[in-house]
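A closer look at the structure
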Amino acid sequence: MSNKPRSTQRREFLRKSLVVVPAIGLLGPASLSQARSASIAFTEAAYTPRYFTAPEWQFLQAAVDRLIPSNEDGPGALESGVAEFIDREMETAYGHGGLWYMQGPFTPEAPPTLGYQLRFTPRELYRAAIAAVDGWCKKQHNMVFASLAQEMRDEVLHQLEKGQIVLEAVPSQIFFAQLLQNTKEGYFADPMYGGNKQMGSWKMIGFPGARADFADWAEQPGKVYPIGPVSIRGDKS
Amino acid sequence: MIRMKSVDVVIIGFGWTGAIMGIELSDAGVSVLALERGDYQDTSPDWAYPNIADELAYGIRGKLFQPLARETVTVRHAVGDTAVPYRQYGSFLLGNNVGGAGTHWNGQHYRPSPEDLEFRSHIRNRYGERFMPADMQIQDYGVTYDELEPFLEKFEYVCGTSGRAGNLNGRLQEGGNPFEGQRKKEYPNPPVADGYGAKLFADAARTLGYHPFPQPASNASRPYTNPYGARLGPCNLCGYCERFGCFMYSKASPQTTILPILMRRPNFSLRTNSHVTRINLDSTGRRATGVTYIDAKGQQVEQPADLVIVAAFQMHNVRLMLLSGIGRPYDPATGAGVIGKNYAYQMMSSIGVFFDKDVAINPFIGAGAGGVQIVDDFNSDHFDHASHGFIGGAYIFGGQTGGRPIQQLSVPPGTPSWGAAWKRAAKDSYLHSTTVATHGSVMSYRDRYLDLDPTYKDAFGLPLLRITFDWHENEYKMSRFVTDRAKDIVDQMKPKASSLNLRKPGDHYDIRQYQTTHTTGGVIQGNDPSTSALNRFQQSWDVPNVFVTGASAFPQNLGYNPTGLIGGLTYLSAKAIREIYLKRPGPLVQT
Ligand SMILES: Cc1cc2nc3c(=O)[nH]c(=O)nc-3n(C[C@H](O)[C@H](O)[C@H](O)COP(=O)(O)OP(=O)(O)OC[C@H]3O[C@@H](n4cnc5c(N)ncnc54)[C@H](O)[C@@H]3O)c2cc1C
């Protein structure tokens, strides 16, 4: 990797982030509930959302934190930057629905096997669904989703996943599937998209990232590949 | 309307078959123009390392795929239902830009079994006419395996396919596929080295008495120069193959095997950003005068030509024929008409295989095609179907094509899809899991077909292609039978756990689940103009100066990946055009 200004900036950024991230990592799973507001504060300081409003941003962070929680196994979605990833995706052609066929007529009642049939682009889907879920949580629990205790948040997510919460704006299963898919994307995609900070998820599972050269290792059955991950911008670990 | 200077040959679409036609026909000295709706792209700079090693951009968002926002298809399960648009990618992926799907394919490179090409005759002779359900309308290709063999070989030598012969001139070869048709020559390159998952699979399959062999791969196992003089480099098993362009010049694509030579020919030209909307006919309707396309500025352009090659991929070929009014559209009520007839797909099943920590699979070590092992004992008509009550089959695939974590990470059965338990499972299983899958045929049926959608339009206001498709009893039975054999192999591999994804009776075709991009039919070839759109040389029966290449010609689908057969049929067609048609234009088969 050459010493281009960009990579220097990147390393500088990562170094600064490193100061904060282990502080969360040190807390055991039991204390995570209390740590939640602290970790959200960290992410907010590091990144200012461009698409999501403040309440939406709170929702998003509180949700991804439960979908992939932080614990001794490895980094969670929150400190991996998954919320940042999703926010950034909303500003791409993908977020604007530019990769999808979005002409009507729309027939959301079509069988689910025929695929997505809503008129919402991803960014519209998030906007409509987050408001609806927060509205539902306020009615049921007098609190928005992000203010619920983690067990309650898990419960709401489970209900969304199974379609047990009826939202007027969107079928809850479709929103949940979108959220989970984007969460896993942000967790495992190259760090240049804002998630997978320090390639934490890659290190956890043993994926070497953009190394992309294994000719000398194909015939070494039974041995775990020994070299750590590299990112597209050349960060190594 | 802008009118361009006439050319001898115009090719619609510049993917795999367009490139083959381009190099073969320009070699005959005529002027050839290829029109491609997408952009130019090449190994460098477009797919250079490290930017290509980006799962999100290419694997998930589909940077190389056809943008669905501009043009897609609509889908319904049955005649009479309302079709809805295929709004996001799922079930199949479509190519775009120079090289088409030939740039982001895997390179799994098969020949058909001899009986596949004469399937109706073969089944009738072996099992009797009644063995076929009444609504099944499988047909013969009008070309036999022996006639096609030199062309299948030619395409393998162009691609630098890596494999091991199983049947050389009638003599069975140790370590190859004993069920294959005779080949005259060994593969141009030896097999790609096995991954560890493939090795475990092959050992288990052998123990059960099956005949595993390395999958024929158009991922070069060593440096190679093809018959045109194009050079390929050895595959380094990077794991970024299907859905990606190859930065190593290893995977056969138009860019690595044909374009370096073709692009320098003075009588060949390529026009990108040229989206063909129709094939123009003269007043008799029996002769094409050229094509109309929309250029980068959105202008309509007329391109006159003496010969039109439709090479736009299976689905787009069918749509262009319908939009142009060539051949009678198929009617599922009467069974009459030919364009859109016999649409078919494939049916896969897969088994996730999970080992303990002492078995290191390193799933990211993979090639799109090489490094995996195949059991072909239950494909085509390689076994006696009489007691099983279905037609067709599947090959069984052991190993993995890559371990990209967004798309290719799997967790043991019973694991929740998120939360701490999912994360623990992802962490524990990733390095220690592999896949066994079956890749199966789908027959053609009276009520499975393609036509133009009455409601939805593309970006130019033209009707989208409508797919009417669902599974039939025969395919559920086929998949269950071969998957049971695959499960026996998996049990013999002695994993810690395994998961099964099998389509069962009652499961509808699910457009959300990726299977294969091996869609077939719609402009099928055969011996009889009343039941096929093309003759054995892929020439339109109705408009003899139109030839249609690609899997649209398949009368039903095979258990194999299609491109080996597509390439073979295209070379056969090109030879007939060069040696017969160009000298005396007209129908190559008399009716
Ligand atoms: C992810 C993936 C993996 C695959 N893996 C395998 C595999 O391992 N083995 C195998 O055998 N097959 C595989 N295939 C299938 C293989 O890619 C196709 O069989 C092959 O590319 C078909 O060649 P073709 O020339 O018919 O179409 P393509 O190669 O797709 O070329 C068609 C071209 O026509 C252009 N076009 C379309 N419409 C128009 C128009 N109106 N005007 C101008 N241009 C137009 C397109 O942009 C494209 O460039 C795979 C496909 C995909 C998507």
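Here is a short report on the structure shown in this document. This is a predicted model, so every value here is computed, not measured.

1. Notes on the site of the ligand
All names here are of chain B. Surrounding the ligand, one finds 37 residues, the nearest of these being T17, E36, R37, Q108 and T563. W16 places a polar main-chain atom, nitrogen or oxygen, 3.1 Å from an oxygen atom of the ligand. One of the backbone N or O atoms of G102 is found 3.3 Å from an oxygen atom in the ligand. Taking 1000 Å² as the accessible area of the ligand by itself, protein coverage stands at 98%.

2. Examining the interface of chain B and chain A
If you look at the interface, chain B gives 60 residues, while chain A gives 69 residues. Approximately 5300 Å² of surface area, both sides summed, lies buried where chain B meets chain A, with 62% of it carried by carbon and sulfur atoms. In terms of surface lost to chain A, no three residues of chain B exceed R87, W418 and K423 of chain B, which account for 17% of the buried area on that side. Scanning the region where chain B abuts chain A turns up 5 salt bridges. E72 of chain A is the partner of R424 of chain B in a salt bridge, and the nearest nitrogen-oxygen pair spans 3.8 Å. On inspection of chain B and its partner chain A, the count reaches 29 residue pairs in polar contact (both at pLDDT 80 or more).

3. Quick look at unusual backbone geometry
All names here are of chain B. Residue P45 is reached from S44 by a cis peptide bond, and omega for that bond is 5 degrees. A cis geometry characterises the amide bond from Y49 onward to P50, with omega recorded as 5 degrees. Its location among the elements puts P50 in the loop between α2 (43–46) and α3 (55–60). Although it is not a glycine, N97 adopts a positive phi angle of roughly 70 degrees. Relative to the elements of secondary structure, N97 occurs in the loop between β5 (84–85) and α4 (101–104). A positive phi angle, close to 90 degrees, is found at F313, a residue other than glycine. As for its placement among the helices and strands, F313 is situated in the loop between β14 (300–310) and α11 (314–324).

4. Comments concerning the sheet that holds β5 of chain B
Residue and element names in this part refer to chain B. Overall, mixed pairing links the 4 strands, which are arranged β5-β4-β21-β20 in an open sheet. At either end of the open sheet lies a strand with only one pairing partner, and these are β5 and β20 (449–457). Pairing analysis gives 5 bridges linking β20 to strand β21 (residues 463–468), with the strands arranged antiparallel. Across the sheet, residue Y449 finds its bridge partner in β21, namely T468.

5. Comments concerning the sheet that holds strand β16 (residues 347–354) of chain B
Residue and element names in this part refer to chain B. In space, the 6 strands of this open sheet follow the order β8-β17-β18-β19-β16-β22, with antiparallel pairing throughout. Unpaired on one side and paired on the other, β8 (213–214) and β22 (497–501) mark the two borders of the sheet. Across 5 bridges, the pairing between strand β18 (residues 394–398) and strand β19 (residues 433–440) is antiparallel. Bridge assignment links F397 to a residue of β19, and that residue is A437. Packed on one face of the sheet, helix α14 (residues 473–492) meets β16, β17 (373–375), β18, β19 and β22 and runs near 20 degrees to β16.

6. Let's talk about the nonpolar core
Membership of the largest hydrophobic core comes to 91 residues, with the highest contact counts inside it found for F52, I86, Y126, F145, V156, F175 and L179 of chain A. Take this core: its biggest share by element is 9 residues, from helix α6 (residues 122–141) of chain A. Discounting residues that sit within four places of it in the chain, V156 of chain A has contacts with V133, W136, C137, F145, L148 and I165 of chain A. Within the second largest apolar cluster, 77 residues are counted, among which are L320, V482, V490 and V546 of chain B.

7. Side note on the pattern of salt bridges
Residue and element names in this part refer to chain B. For the structure on display, the rule yields 41 salt bridges over all chains. In this structure, R3 and E302 form a salt bridge, with 2.9 Å as the shortest nitrogen-oxygen distance. Of this pair, R3 sits in strand β1 (residues 2–3) while E302 sits in strand β14; the two residues are 299 residues apart in sequence, bridging distant segments of the chain. Note on E302: relative accessible area 17%, which makes it buried. Each member of the salt-bridge network shares a partner with another, and the members are E24, D27, K154, R265 and R578.

Definitions and limits used
- Residues numbered from 1 in each chain as written.
- Chains lettered and ligands numbered in written order.
- Predicted model: local features only at pLDDT ≥ 70, side-chain atom pairs only at ≥ 80, totals over all residues.
- Heavy atoms only, no water.
- Near = heavy atom within 4 Å.
- Polar contact = N/O pair within 3.5 Å; in protein donor to acceptor, adjacent residues only side chain to side chain.
- Areas by Shrake-Rupley, 256 points an atom, 1.4 Å probe, with all protein chains shown as cover.
- Contact = heavy atoms within 4.5 Å.
- Buried area = accessible area lost by both parts, 1.4 Å probe.
- Salt bridge = Lys/Arg side-chain N within 4 Å of Asp/Glu carboxyl O.
- Helix = DSSP H or I, 4+ residues; strand = E, 2+ residues; numbered from the N terminus.
- Pairing = 2+ DSSP bridges.
- Axes fitted to C-alpha atoms, helices over the stretch in contact; angles between N-to-C directions.
- Core = buried A, V, L, I, M, F, W, Y, C linked by side-chain atoms within 4.5 Å.
- Buried < 20%, exposed > 50% of the residue type's maximum accessible area, 1.4 Å probe, protein only.

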